[in-house]
Amino acid sequence: AQSVAQPEDQVNVAEGNPLTVKCTYSVSGNPYLFWYVQYPNRGLQFLLKYITGDNLVKGSYGFEAEFNKSQTSFHLKKPSALVSDSALYFCAVRERGTYKYIFGTGTRLKVLA
Amino acid sequence: GAGVSQTPSNKVTEKGKYVELRCDPISGHTALYWYRQSLGQGPEFLIYFQGTGAADDSGLPNDRFFAVRPEGSVSTLKIQRTERGDSAVYLCASSLTAGQGTYEQYFGPGTRLTVT
């Protein structure tokens, strides 16, 4: 069965420092992987996806994520955090050949000025 | 352009009542998803439509839940004999058909359902 784990409920980082939000997954075969962000009182917004090809994926707002097949991870990263990046981040996986998305429980990112 | 819209934004109902939640997807998006998000959790898949048909309804928790998309655009999630445990935010998302290689979903703002 597909599953996604976001081991940290909350990540705190100082503005200007690099940030990492962790995600590991479990699927049969090669996955499709996604990151979404949820700002207060707003809907989930797509950040980036891994479908195939380069393991390093670049997305919106300067975010990137690295697909690591051996570690079954897809950690979200940004070189320099902004206070405005503070939000709830969700990792999601979809098994190839299916249309069902499995979301993690979310990680709250807090960027401190 | 217009995004995914959901109505109502909030719905309070009594236990045992019937409710309908509506989703208007982005024009041209043939794929439509319903999710349920409980407090402190990620979205939980309920059902996926490709066009008018439910291609995967494996996430519907029981037969009190039903969804339709009769013309391949607007979708309605229907919950019969509501229970307090049904209280959650119900999210709708749409995307271009997966067969075209575009997989990101565009989410609506959700309907917050409270069953008293």
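One structure accompanies this document, and this report is about it. Keep in mind that this is a model prediction, so the values were computed, not measured.

### Digging into the overall build of chain A
Along chain A, the regular secondary structure elements total zero helices and 12 strands. What you see in chain A, going N to C, is helices and strands ordered as β-β-β-β-β-β-β-β-β-β-β-β. What you see for chain A is a C-alpha radius of gyration of 13 Å, in line with the 13 Å of a compact globule of 113 residues. Taken along its principal axes, the extent of the C-alpha atoms in chain A is 45 × 30 × 20 Å. Restricting to contacts in chain A with at least 6 residues of sequence separation, those with at least 24 account for 56%. Split by element, the accessible area of chain A, about 5,400 Å² in all, is 47% carbon and sulfur. When the 12 positive and 8 negative side-chain charges of chain A are each reduced to one mean point, those points stand 6 Å apart.

### Quick look at the state of the cysteines
Scanning all chains against the criterion turns up two disulfides over all chains. For Cys23(A), the disulfide goes to Cys91(A), at an S-S distance of 1.9 Å. Disulfide Cys23(A)-Cys91(A): torsion about the S-S bond near -65°, hence left-handed. Placement of Cys23(A) in the loop between strand S3 (19-21) and strand S4 (24-26) and of Cys91(A) in strand S10 (residues 87-95) is noted, with a sequence separation of 68 residues between them. Taking relative accessible area as the criterion, Cys91(A) reaches 0% and is therefore assigned buried. Paired through a disulfide, Cys23(B) and Cys92(B) show a sulfur-sulfur distance of 1.8 Å.

### Quick look at the packing of aromatic side chains
This structure, assessed with the given rule, holds 17 aromatic pairs over all chains. Ring geometry for Tyr25(A) against Phe67(A): centres 6.3 Å apart, planes inclined by 25°, an arrangement best described as stacked. Here Tyr25(A) is found in strand S4, whereas its partner Phe67(A) is found in strand S8 (residues 64-68), with 42 residues between them in sequence. For the pair formed by Tyr25(A) and Phe67(A), the shared burial category is buried. Here the aromatic residues Phe34(A), Tyr36(A), Phe46(A), Tyr99(A), Tyr101(A), Phe103(A), Tyr33(B), Tyr35(B), Phe45(B), Tyr48(B) and Phe107(B) are joined through ring pairs into a cluster of three or more.

### With respect to the sheet that holds strand S8 (residues 75-79) of chain B
Residues and elements named next belong to chain B. Pairing in this open sheet of four strands is antiparallel, and the strands run S1-S3-S8-S7 from one edge to the other. Each end of this open sheet is capped by a strand with a single partner; those strands are strand S1 (5-7) and strand S7 (65-68). The average undirected angle you get between the axes of adjacent strands in this sheet is 15°. Pairing of strand S3 (residues 19-24) with S8, which is carried by five bridges, proceeds in the antiparallel orientation. Within the sheet, the bridge partner assigned to Glu 20 lies in S8 and is Lys 78.

### Focus on the nonpolar core
Residue and element names in this part refer to chain A. Membership of the largest hydrophobic core comes to 29 residues, with the highest contact counts inside it found for Trp 35, Leu 47, Leu 48, Phe 74, Leu 76 and Tyr 89. Put simply, the parts of the chain that give this core at least two residues each are strand S2 (10-14), S3, strand S5 (31-38), strand S6 (44-50), S8, strand S9 (73-78), S10 and strand S12 (107-112). The dominant element in this core, judged by the number of residues it contributes, is S10, at four residues. Excluding its chain neighbours within four sequence positions, the residues that come into contact with Leu 48 are Leu 33, Phe 34, Trp 35, Val 57, Lys 58, Gly 59, Phe 63, Glu 64, Ala 65, Phe 74 and Leu 76.

### Quick word on the pairing of S6(A)
All names here are of chain A. The element S6 is extensively covered by neighbouring structure, given that five of its seven residues are classed as buried. Across six bridges, the pairing between S5 and S6 is antiparallel. Bridging from a neighbouring strand, Trp 35 pairs with Leu 48 of S6. Counting the residues in the hairpin turn of S5 and S6 gives five residues, including Asn 41, whose phi is positive at 60°.

How each quantity is defined
Residues numbered from 1 in each chain as written. Chains lettered and ligands numbered in written order. Predicted model: local features only at pLDDT ≥ 70, side-chain atom pairs only at ≥ 80, totals over all residues. Heavy atoms only, no water. Helix = DSSP H or I, 4+ residues; strand = E, 2+ residues; numbered from the N terminus. Rg over C-alpha atoms; globule rule 2.2 N^0.38 Å. Contact = heavy atoms within 4.5 Å. Areas by Shrake-Rupley, 256 points an atom, 1.4 Å probe, with all protein chains shown as cover. Lys, Arg positive; Asp, Glu negative; His and termini not counted. Charge placed at Lys NZ, Arg CZ, Asp CG, Glu CD. Disulfide = S-S within 2.5 Å. Buried < 20%, exposed > 50% of the residue type's maximum accessible area, 1.4 Å probe, protein only. Phe/Tyr/Trp six-rings, centres within 6.5 Å; stacked < 30°, edge-to-face > 60°. Pairing = 2+ DSSP bridges. Axes fitted to C-alpha atoms, helices over the stretch in contact; angles between N-to-C directions. Core = buried A, V, L, I, M, F, W, Y, C linked by side-chain atoms within 4.5 Å.

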